[in-house]
Amino acid sequence: PKVRRSKQFICTISDDRGEEATYAGFPISSVALPSTGKGIGDVISLLWFKKQYPKWATDFIETVIKTVADHGPAVSGAHNAKVTARAGKSVVESLVTGLLTIGPRFGGAIDGAAEHFKYADDNGLTPAEFLNHMKKQGIPIPGIGHRIKSLKNPDLRVKGLMDFAAENFPKTPLLDYARTVEALTTSKKENLILNVDGTIGILMVDMWRALGYPEEEINEFIASGTLNAFFIAGRTIGFIGHVLDEKRLAMPMYRHPMDDILYDVQKAEEI
Ligand code: ACO
Ligand code: LMR
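Just so it is clear, the model here is predicted, and its values are computed rather than measured.

In terms of helices and strands, the chain carries twelve helices and three strands. With the C-alpha coordinates aligned to their principal axes, the bounding extent of the chain is approximately 75 × 50 × 45 Å. Counting every position in the chain, which comprises 271 residues, the buried fraction comes to 41%. When contacts within the chain are restricted to residue pairs at least 6 apart in sequence, those whose partners lie at least 24 apart make up 72%. Accessible surface, the chain as shown: approximately 16300 Å² in total, 57% of it carbon and sulfur.

Take a look at the structure:
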């Protein structure tokens with residue numbers, strides 16, 4: 001009798017066995033060619049979520065990717081990528097050093113923002129109760145605060161995403177709640193705005209709810225880091241740009257100016 005070998009891997013998103021490979025059952029040409037009218041938002045909805053999202057949702061995903069593609073050379077990730085490229089490393093090596101900075105402070109506060117704002121709203125916390133709750137946990141509220149953006153120097157990316165949602169989402173209850181929190185945090189300090197990470201995380205929850213996802217599935221997306229992946233995918237475009245820029249400019253190896261470092265070394269004591 002035939003003995004079936006057990007499989008070591010399972011794949012539920014794409015298939016390359018036929019004449020033309022597919023993304024969630026759709027031949028690549030049916031989403032890749034310009035004549036299909038499909039974009040990166042459609043490719044992401046197929047490969048990440050195995051669903052065909054309506055146009056307003058794929059347009060939102062695409063708007064997010066384009067919005068976070070770059071924010072100049074000074075941010076942690078671009079800086080790392082540039083320094084690595086100047087040390088003579090390859091595109092992929094330089095890119096990953098940039099990506100590795102994406103986390104709870106930079107670009108990777110999206111899942112955390114979705115998680116905490118959703119918890120606060122689901123449990124009917126007032127903004128003041130939410131701030132108190134986060135203070136007790138001893139962590140800054142993910143999605144709040146920016147180094148250079150503030151009420152006086154607003155982040156137009158945030159405005160763009162909010163305007164898109166106002167025009168295209170059926171409703172935005174979590175964003176509406178988050179804005180009441182922002183009103184309180186900015187009354188304490190003007191740079192404690194709802195930042196681009198927070199806006200993306202919160203609007204993704206509003207999007208998934210409007211698409212009819214059950215709460216458990218949204219919680220699973222958040223727990224598995226799905227939301228930060230939008231920043232990772234988008235900012236990869238910018239980091240590659242910075243690496244290619246370094247190569248084009250043939251910049252020499254970088255060494256940090258010593259006068260910008262406080263050297264404070266004590267002679268080690270014997271133990
Ligand atoms: N929640 C509550 N309080 C905050 C927050 C926050 N998210 N961010 C800053 N504060 C407070 C600090 O506790 C501090 O208070 P103190 O002066 O009483 O000690 C004060 O604001 C200044 O804090 P810093 O950490 O020095 O603020 P900075 O402007 O350097 O930090 C940062 C900016 C790192 C983004 C910070 O606001 C933060 O950690 N936010 C949460 C993480 C986040 O959303 N990151 C994504 C940013 S957007 C992006 O990277 C694409
Ligand atoms: C970014 O998108 O990289 C930023 O919001 C971070 C920054 O400090 O500009």
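Once that is clear, we can look at the site of ligand 1. Near ligand 1 lie 20 residues; those nearest to it are Arg-105, Ile-141, Gly-143, Ile-144 and Arg-147. Take Arg-105: an N or O atom from its main chain is 2.8 Å from a nitrogen atom of ligand 1. Taking Gly-143, its main chain carries an N or O atom lying 2.8 Å from an oxygen atom of ligand 1. Put simply, ligand 1 lies in the largest pocket. Looking at side-chain class alone, the shell around ligand 1 contains ten nonpolar, six polar and four charged residues.

Looking now at the environment of Ser-76. Along the polypeptide, Ser-76 turns up in helix α4 (residues 76-86). When the C-alpha atoms of Ser-76 and Phe-106 are compared, they prove to be 7.4 Å apart, with 30 residues separating the residues in sequence. With residues near it in sequence (within four places) discarded, Ser-76 still touches Thr-101 and Phe-106.

This part covers a nonpolar patch on the surface. A cluster of nonpolar side chains, contributed by Met-258, Ile-261 and Tyr-263, occupies part of the molecular surface with about 320 Å² of accessible area. Residue classification places Tyr-263 among the exposed residues on the basis of a relative accessible area of 52%.

The next subject is the sheet that holds strand β2 (residues 22-23). One open sheet accounts for three strands, arranged β1-β2-β3; its pairing is antiparallel. In this open sheet, the two strands that pair with only one neighbour each are β1 (14-15) and β3 (26-27). Where β1 and β2 come together, two bridges link them in antiparallel fashion. Bridge pairing in β2 places Asp-15 opposite Thr-22.

Below, the discussion takes up the packing of helix α3 (residues 55-67) against helix α8 (residues 156-168). At a closest axis distance of 11 Å, the pairing of α3 and α8 adopts a crossing angle of 175 degrees. With respect to each other, α3 and α8 are oriented roughly antiparallel. Every residue of α8 that contacts α3 at Trp-56, Asp-59, Phe-60, Thr-63, Val-64 and Thr-67 is listed here: Arg-157, Leu-161, Phe-164 and Asn-168. Residues belonging to the contact of α3 with α8 are distributed by class as follows: five nonpolar, three polar and two charged.

Lining the immediate environment of ligand 2, one finds His-71, Val-75, Phe-106, His-146, Arg-157 and Arg-235. Within the side chain of Arg-235, one N or O atom sits 2.7 Å away from an oxygen atom of ligand 2. Bound to the protein, ligand 2 loses 83% of the 270 Å² it would expose on its own.

This part covers the confidence of the model for the chain. Looking at the chain as a whole, its pLDDT mean stands at 97, while 100% of the residues score no less than 70. The ipTM for the predicted assembly is 0.96, set against a pTM of 0.96.

What follows concerns the packing of aromatic side chains. Under the criterion given, the structure shown has 17 aromatic pairs. A ring pair is formed by Tyr-53 and Tyr-213, whose centres lie 6.3 Å apart and whose planes are at 80 degrees; its orientation type is edge-to-face. Of this pair, Tyr-53 sits in the loop between α2 (40-49) and α3 while Tyr-213 sits in the loop between α10 (196-210) and α11 (215-223), and the two are 160 residues apart along the sequence. The exposure classification of Tyr-53 matches that of Tyr-213, with both residues buried. Three or more aromatic residues joined by ring pairs form one cluster here, namely Trp-48, Phe-49, Tyr-53, Trp-208, Tyr-213, Phe-221 and Phe-230.

What counts, and at which threshold
- Residues numbered from 1 in each chain as written.
- Chains lettered and ligands numbered in written order.
- Predicted model: local features only at pLDDT ≥ 70, side-chain atom pairs only at ≥ 80, totals over all residues.
- Heavy atoms only, no water.
- Helix = DSSP H or I, 4+ residues; strand = E, 2+ residues; numbered from the N terminus.
- Buried < 20%, exposed > 50% of the residue type's maximum accessible area, 1.4 Å probe, protein only.
- Contact = heavy atoms within 4.5 Å.
- Areas by Shrake-Rupley, 256 points an atom, 1.4 Å probe, with all protein chains shown as cover.
- Near = heavy atom within 4 Å.
- Polar contact = N/O pair within 3.5 Å; in protein donor to acceptor, adjacent residues only side chain to side chain.
- 1 Å grid on protein atoms, 1.4 Å probe; cavity = no way out; pocket = protein on both sides within 12 Å on 5 of 7 lines; lining within 4 Å.
- Sits in = over half its atoms within 2 Å of the grid points.
- Nonpolar A, V, L, I, M, F, W, Y, C, P; charged D, E, K, R; others polar.
- Patch = residues over 30% accessible without salt bridge, like charges linked within 9 Å, V, L, I, M, F, W, Y side chains within 5 Å.
- Salt bridge = Lys/Arg side-chain N within 4 Å of Asp/Glu carboxyl O.
- Pairing = 2+ DSSP bridges.
- Axes fitted to C-alpha atoms, helices over the stretch in contact; angles between N-to-C directions.
- Parallel < 35°, antiparallel > 145°, perpendicular 65-115°, else oblique.
- pLDDT = per-residue confidence, 0-100.
- Phe/Tyr/Trp six-rings, centres within 6.5 Å; stacked < 30°, edge-to-face > 60°.

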